[in-house]
Amino acid sequence: MVLRSILISPVARYFRTKRMFFEASEYAKQKEKPLMMIGDPCSGNYFHFMSSMFPNSEHGDVTIDLYGCQECNRMDINDIDSWKLFDDDSFVVMETGVLGFSEDIERVITQIKRVSGGDFLSAGGNKGLLWEMLLYKTYSKKLNYTMNPFDSRKHRHYTGRKLGRKEKVKLEF
Ligand SMILES: C[S@@+](CC[C@H](N)C(=O)[O-])C[C@H]1O[C@@H](n2cnc3c(N)ncnc32)[C@H](O)[C@@H]1O
């Protein structure tokens, strides 16, 4: 249980993010759309120095992260007005562990659906009973959800759970 929360899940998420970033970049080329990354590759890991030394992805043509580096658009995903900067169906969108900070995930995913025109990939959040019950609080008090990996080419529902092992989330995408 401890091992899953602090080792297996973060390592699996790291390699999944790497693979999915490559896929999302290829997909963006194929769709002839720019790539939007939600999540700064330079920061954000539990051990921050690890992200800058061993980033799990690269920046997108646009990268959104509220506390991101200078290359990022420092936007709050919960500020629905700021999503208006982006046109409908204008990006392939990939997110890496940021949507867990949604205050209302349905409102945020509605914007991602609109901006991506349905082209969305996510490497998902950290998993494990200990993480979902307790340890997430040591990372950030603003983390609300742990979401499952998602690829709009394969999945119809974006799923996950409210942290604290509360209700499950299942959103049609
Ligand atoms: C788990 S990290 C994601 C990037 C990281 N390289 C990774 O994949 O492990 C979570 C990121 O979410 C950002 N973040 C937290 N709250 C946010 C918000 N409300 N809006 C946008 N970004 C937010 C943090 O700055 C942090 O970089």
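Chemist: Mind laying out the sheet that holds strand β8 (residues 168-172), listing which residues take part and the relevant values?
Modeler: Reading across the sheet, the three strands line up as β5-β7-β8 and stay open at both edges, with antiparallel pairing between neighbours. Edge strands, defined here as strands with exactly one partner in the open sheet, are β5 (145-147) and β8. Direction aside, the axes of adjacent strands within the sheet are offset by 30 degrees on average. The pairing of β5 with strand β7 (residues 157-162) spans three bridges and is classified as antiparallel. Following the sheet pairing, Tyr145 is matched in β7 by Lys162.

Chemist: Tell me about the sheet that holds strand β3 (residues 92-95), and please be specific about residues and values.
Modeler: Note: strands within a sheet are paired through backbone hydrogen bonds, in either parallel or antiparallel orientation. In spatial order, the strands read β2-β1-β3-β4-β6; together these five strands make up an open sheet with mixed pairing. Here the strands that pair on one side only, and so sit at the sheet edges, are β2 (62-64) and β6 (150-151). Across two bridges, strand β4 (residues 120-122) lies against β6 in antiparallel orientation. Paired with Ser122 across the bridge in β6 is Phe150. Contacting β3 and β4, helix α3 (residues 105-116) runs over the sheet at an angle of about 145 degrees to β3.

What counts as what
Residues numbered from 1 in each chain as written. Predicted model: local features only at pLDDT ≥ 70, side-chain atom pairs only at ≥ 80, totals over all residues. Pairing = 2+ DSSP bridges. Helix = DSSP H or I, 4+ residues; strand = E, 2+ residues; numbered from the N terminus. Axes fitted to C-alpha atoms, helices over the stretch in contact; angles between N-to-C directions. Contact = placed C-beta atoms within 7 Å.

Interpretation in functional terms is not warranted from these geometric data alone.
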